[in-house]
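# Per-entry structural report
Each chain, written out:
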Amino acid sequence: MSTIKRFIAGVTCPRCAAMDRIRAWEQNNIRYRECVSCDFFEQLPIEDDALPEITTRVNQLRDDQKQQDVQPVRILDPGKPSR
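Starting afresh in each chain, residues are numbered from 1 along the sequence in its written order. Where totals are concerned, whole chains, interfaces and linings use all residues; where local detail is concerned, this predicted model gives features only for residues with pLDDT of at least 70, and gives and counts side-chain atom pairs only at 80 or more. The basis for the side-chain values is all heavy atoms of the structure; hydrogens and waters are excluded.

## Some remarks on unusual backbone geometry
A positive phi is found at Asn28, a non-glycine position, where the angle reads about 55°. Numbering of helices and strands starts at the N terminus; helices are DSSP runs of H or I of at least 4 residues and strands are runs of E of at least 2. Within the element layout of this structure, Asn28 appears in the loop between strand S2 (22–27) and strand S3 (30–35). Of note, Asn29 is a non-glycine position whose phi angle comes to about 60°, a positive value. Tracing the sequence through the fold places Asn29 in the loop between S2 and S3.

The structure is reproduced here in structure tokens:
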């Protein structure tokens, strides 16, 4: 089975500075990157012990925010009068 190589949008090559020329793939717990314009090639081991998630205002809710009731959104039909 061949490995799918995908281009990474918006990335510039560290060697030739060409944009949108880097493709990446993973194989045998190793992450590979290569440039199709020059001979840049890089391999990085995939580490199992992932870094903890950075605390932000989005992923950290206050206690009063956690207990708010969830209310569904009701979509109105413009052809029908509202109740």
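Having seen it, we continue.
## Examining the packing of aromatic side chains
A pair of Phe, Tyr and Trp rings is counted when the ring centres sit within 6.5 Å of each other, with Trp represented by its six-membered ring. The angle between the planes then sorts it: under 30 degrees is stacked, over 60 is edge-to-face, the rest tilted. Applying the stated criterion across every chain yields a total of 3 aromatic pairs. Here the aromatic rings of Trp25 and Tyr32 are separated by 5.3 Å at their centres, their planes lie at 20°, and the arrangement is stacked. Here Trp25 matches Tyr32 in class, with each residue buried. An angle of 45° between the planes, with centres 6.4 Å apart, marks the rings of Trp25 and Phe41 as tilted. Here Trp25 is found in strand S2, whereas its partner Phe41 is found in strand S4 (residues 41–45), with 16 residues between them in sequence. Burial classes: relative accessible area under 20% of the type maximum marks a residue as buried, over 50% as exposed, and values in between as partly exposed (1.4 Å probe, protein chains only). Judged by its relative accessible area of 9%, Trp25 falls in the buried class. An aromatic cluster is built from Trp25, Tyr32 and Phe41, whose rings are joined through pairwise contacts.

## With respect to the sheet that holds S2
Strand order in this open sheet of 4 strands is S1-S2-S3-S4, and the pairing throughout is antiparallel. On the outer flanks of this sheet lie strand S1 (6–7) and S4, each paired with one strand and no other. Here 5 bridges tie S3 to S4, and the two strands are oriented antiparallel to one another. Each bridged residue has a counterpart across the sheet, and for Arg31 the counterpart in S4 is Leu44. Should DSSP find at least two bridges between two strands, the strands are taken to pair.

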